[in-house]
Each structure stands twice: as C-alpha cells, then as structure tokens.
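Each chain is listed here by its residues.
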Amino acid sequence: MSKHHQCDSLSPQCPLSQTVYGYLPNIPANALFSAIFFLCTLIQLYFGIRAHLRSFTIALVIGCFGEGLGYIGRIMMHSNPFGASFKIQICCLVLAPSFLAAGIYLSLKHLVLHVDPQKSRIKPNWYPPIFIGCDVFSILLQAGGGGAAAAETETLVLIGDKMIVAGISFQIATMTICGALAVDYAVRVWAAARKEGVNPLEGQDKLKKYIVATALAFVFIYIRCVYRVAEMEGGWGSPLMKKETEFMVLDGAMCCLAVILMTIFHPAIFFPQISKKYVIAQHAKAANGDDELGLQTPNHTTLVEKEPESSESTGSMELAQGPVSESDEEVMGRRDVDVDAQGHVSR
C-alpha cells in the first residue's frame, strides 16, 4: 500500500488495478446509502430531542452521521481513489458501527429494567458501563489503526491494519457476550412466564416490535463486523477488499438495515419508557392523582389507589406488583417518586 501513497491521481504509473480497492466506487449506490444515513441522522436527532433521549441519541447520531460521511468519501474516490477521500471513508466506515452498537447496549439496559430485572444475570445498570466501556476501547483501537493506515509509511500501514483487525475482533467478542446475555435473559423470562402463566409483554405490541427490530439490528451489525475482520485479515488490497459487491452487501447494506430499523422503530414511539421525559410525565401524573394513579414503572410495578378506610388513610396507596426500581434514560438517573415501606407515595 505504501507505494500508492506516492500517487495523487490515476496515471499509467498509478493504474486503477494497483489501488487498494482496485475499482472506482459506484456513485448511485454510495449516494443512496449516504442519503439514507443522513436522513436517519436528522430523524434520530428530532426524536431524540423531542423525547429527551440524550445518551441513545448521541450514539445513534454519531453512528448515522459517520456512516453518511464515509459514503461521501467513497463518492469522492470515484474521481480520485487517492488522498483525503480514502482517509475519510476508511476512518468513518470503520468507526461508525461501534456507535450504533452502543445504542443497542443502552436499549438492553432499559428493556431489562422494564420487563423483569430479577431475571438478568447482571444488574441492568451495569450493561452500559461494561459494554459501552468495551465499545470505547474498540473504537480507540480502530481509530488508532485508521490513523496509522492513512500514514505514508509501509510499517505504519501494516500496524494500522493489525490494530483495526484487533479493534473489530474485540467488538465482535463484546457483541457475542452481550448477545449471549440477552438470549439467556429472554430464555429465563420466557421460562418464568410459562411457569407462572403470566406474559410480561401482554398488551405491549409496540414494545414487541421494538425488541424484534433491535435484535435484528444487532444481528446486522454483527454480520458487518465479521465481514470486516475477514476483509482486513487479508491485508490492504486483498482479493476480498477488491470486491465492491461484497462490501456493499455485507458492510453497507447491513449497517443501513440496522439504522433503518433503529429509526423506524424509534424508542420515542415504540419504547417511551426509556426516556426521561416519559418518566417525569408519568410521575407528575401520579403526583396529581390523574387516572387513579395508574403509574406503570419499568418493571411493571403499578400503583393503585386504595379506597379510603378512614380520614387517616385517605390518599394511601398499596403496592400491587412489587417494589419500584430506579431507571431513566441516563445511567445514573433517579426517580422523582419514592415509596415507603407502608406503600405511601412521596415526592
């Protein structure tokens, strides 16, 4: 690859066949992907601000925007496969999927809190620190590798290649563990539901769709990561790297489908319990006594107003289904409503 850094344009001395990819990226296909990713960026930003989804929105906006920018770089490569365009696309398209995965890790935490936190092998609040922490490490490895791969010396290029492979491999390991925990959790919840004759998702059709969409997005990102490791293992200019169709299907289409699913089935609509705005609104509703205080908390705890037995017990509440747990869109958020040992609600 190093000798190609001495080229700044195609020429008899720098033929297309000797470039890293060996082809000029297809403009219509790359433009389509870029447009989809930028559109999803705007939609994610709109719903994120509207629903007060800070962490999830930051992760998805960075991921979507990075993907869109990466495909702009590939469009630029059609005119000149050397220089800045190559650096833009390699850095953006290598890093962006890690941010998309981070959004899924955040979703997993809140899904566990909402359905049944007791069935999780680890505490729900530990999901983001553990898996996003691993994701950050993966991003740093890949970023360092991308920077080295864009260097001008063969030694740094080879080091960058190995760092990118290591970073993506670490991301695959992280996603494998996360996926295994998610499947284990689903099995435990399902087994308990069959034993107790209670469906924790009964009447929650939107949530069911959100879970399926998130699971599929996870699978698509996982497929992309496996492909990237295989592509990079062969080194720069490998036979697999020179096949645009494989790249567009196993990288571009996989990330595109993941982003489309995470945008169409946005948690602001299909899983509002993840948002801080929803939590605040529900507790304000409870505090004002609206709708007989039918407050649904993330682990299906319902507060039901008791019939007053005396003047001293007027307005007392009983805990119908279990203790109230803490959860909001942020990792360290707290609830605005507390329940004491007798079931009384205070703000």
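What you see is a predicted model, and the numbers here were worked out from it, not measured in a lab. (Residues numbered from 1 in each chain as written. Predicted model: local features only at pLDDT ≥ 70, side-chain atom pairs only at ≥ 80, totals over all residues. Heavy atoms only, no water.)

Colleague: Go over the overall build of the chain, please, and point to the residues and values.
Modeller: Across its full length, the chain carries 9 helices and 5 strands. Relative to its 347 residues, the chain shows a buried fraction of 49%. By sequence separation, contacts in the chain at least 24 residues apart represent 71% of the contacts at least 6 residues apart. If you sum the accessible surface of the chain, you get close to 16400 Å²; carbon and sulfur atoms cover 63% of it. (Helix = DSSP H or I, 4+ residues; strand = E, 2+ residues; numbered from the N terminus. Buried < 20%, exposed > 50% of the residue type's maximum accessible area, 1.4 Å probe, protein only. Contact = heavy atoms within 4.5 Å. Areas by Shrake-Rupley, 256 points an atom, 1.4 Å probe, with all protein chains shown as cover.)

Colleague: How would you summarise the packing of aromatic side chains if you had to cite specific residues and measurements?
Modeller: Counted according to the given criterion, the structure contains 14 aromatic pairs. Ring geometry for Tyr21 against Tyr23: centres 5.7 Å apart, planes inclined by 20°, an arrangement best described as stacked. Owing to a relative accessible area of 4%, Tyr21 belongs among the buried residues under this scheme. Ring centres 5.6 Å apart and planes at 35° place the aromatic pair Tyr105 and Phe131 in the tilted group. One end of the pair, Tyr105, is in helix H3 (residues 84-115); the other, Phe131, is in helix H4 (residues 127-149), and 26 residues separate them in sequence. Residue Tyr105 shares its accessibility class with Phe131, and that shared class is buried. Ring pairing ties together the aromatic residues Tyr21, Tyr23, Phe86 and Trp236, which thus form one cluster. The aromatic ring of Tyr21 is capped on one face by Arg74, whose charged end is 5.8 Å from the ring centroid. (Phe/Tyr/Trp six-rings, centres within 6.5 Å; stacked < 30°, edge-to-face > 60°. Lys NZ or Arg CZ within 6 Å of the ring centre and 35° of its normal.)

Colleague: Run through the pattern of salt bridges, naming residues and quoting values.
Modeller: On inspection of all chains with the given rule, the structure shows 7 salt bridges. In this structure, Lys119 engages Asp116 in a salt bridge whose closest nitrogen and oxygen atoms are separated by 2.9 Å. Of the two residues examined, Lys119 and Asp116, each falls in the buried class. Between Arg228 and Asp251 there is a salt bridge, with its nearest N and O atoms 2.7 Å apart. In this pair, Arg228 is assigned in helix H6 (residues 205-233) and Asp251 in helix H7 (residues 244-264), connecting sequence segments 23 residues apart. Taking relative accessible area as the criterion, Arg228 reaches 1% and is therefore assigned buried. (Salt bridge = Lys/Arg side-chain N within 4 Å of Asp/Glu carboxyl O.)

Colleague: Give me a nonpolar patch on the surface: which residues, what numbers.
Modeller: The grouping of Phe65, Leu69, Ile72 and Met76 at the surface amounts to a nonpolar patch, some 320 Å² of accessible area in total. Relative to the helices and strands, Ile72 is located in helix H2 (residues 54-79). By relative accessible area, which is 31% here, Ile72 ends up partly exposed. (Patch = residues over 30% accessible without salt bridge, like charges linked within 9 Å, V, L, I, M, F, W, Y side chains within 5 Å.)

Colleague: Quick rundown of H3? Include the residues and the values.
Modeller: Counted at 1.5 Å a residue, the expected span for H3 with its 32 residues is 46 Å, and the 47 Å between its end C-alpha atoms agrees. Across the 32 residues that make up H3, a large majority, 27, are buried. (Expected span 1.5 Å × (residues − 1).)

Colleague: So what's going on with the packing of H2 against H7? Residues and values would help.
Modeller: Contact geometry of H2 with H7 gives a least axis separation of 11 Å together with a crossing angle of 150°. With respect to each other, H2 and H7 are oriented roughly antiparallel. As H2 runs across H7, the sense of the crossing is left-handed. Where H2 abuts H7, its residues Phe56, Leu60, Cys64, Glu67, Tyr71 and Arg74 lie against Glu244, Phe247, Met248, Asp251, Gly252, Cys255, Val259 and Met262. (Axes fitted to C-alpha atoms, helices over the stretch in contact; angles between N-to-C directions. Parallel < 35°, antiparallel > 145°, perpendicular 65-115°, else oblique. Left-handed = near helix turned anticlockwise from the far one by under 90°.)

Colleague: Which residues make up the nonpolar core, and what values do they have?
Modeller: In terms of nonpolar packing, the biggest core is built from 68 residues, with Tyr21 and Trp236 touching the most fellow members. Mapped by element, the contributors of at least two residues to this core are helix H1 (27-51), H2, H3, H4, helix H5 (154-196), H6 and H7. (Core = buried A, V, L, I, M, F, W, Y, C linked by side-chain atoms within 4.5 Å.)

Colleague: How would you summarise the packing of H6 against H7 if you had to cite specific residues and measurements?
Modeller: Packing of H6 against H7 brings their axes to within 8 Å, and their N-to-C directions diverge by 155°. In terms of orientation, H6 lies roughly antiparallel with respect to H7. Crossing angle aside, the handedness with which H6 passes H7 is left-handed. Together, Ala213, Leu216, Ala217, Phe220, Ile221, Ile223, Arg224, Tyr227, Arg228 and Glu231 of H6 and Glu246, Phe247, Leu250, Asp251, Met254, Cys255, Leu257, Ala258, Leu261 and Met262 of H7 make up the contact between the two elements. Tallied by class, residues from the contact of H6 with H7 come to 15 nonpolar, no polar and 5 charged. (Nonpolar A, V, L, I, M, F, W, Y, C, P; charged D, E, K, R; others polar.)

Colleague: Explain unusual backbone geometry to me, using residue names and the numbers behind them.
Modeller: Positive phi, normally seen in glycine, also occurs at His52, with a value near 60°. His52 sits in the partly exposed class, given a relative accessible area of 43%.

Colleague: How would you explain the environment of Gly48 if you had to name every residue and give the values?
Modeller: Here Gly48 shows up in helix H1. We classify Gly48 as buried; its relative accessible area is 4%. Separated by 227 residues in the primary sequence, Gly48 and Ser275 place their C-alpha atoms 8.9 Å from one another. Excluding residues within four positions of it along the chain, Gly48 makes contact with Leu53, Thr57 and His266.

Colleague: Let's hear about the environment of Leu106: which residues, and what values?
Modeller: In this fold, Leu106 is placed in helix H3. With 21 residues separating them in the primary sequence, Leu106 and Tyr127 have C-alpha atoms 7.3 Å apart. Those residues within four positions of Leu106 in sequence are excluded, and the remaining contacts are Ser55, Phe56, Pro128 and Ile132.

Colleague: I'd love a proper account of the confidence of the model for the chain, names of residues and values included.
Modeller: Chain-level statistics for the chain give a pLDDT mean of 81 and a share of 77% at 70 or above. A low-confidence stretch, residues 291-347 stays under pLDDT 50, and its non-local contacts, those more than four residues away or across chains, total 112 contacts. (pLDDT = per-residue confidence, 0-100.)

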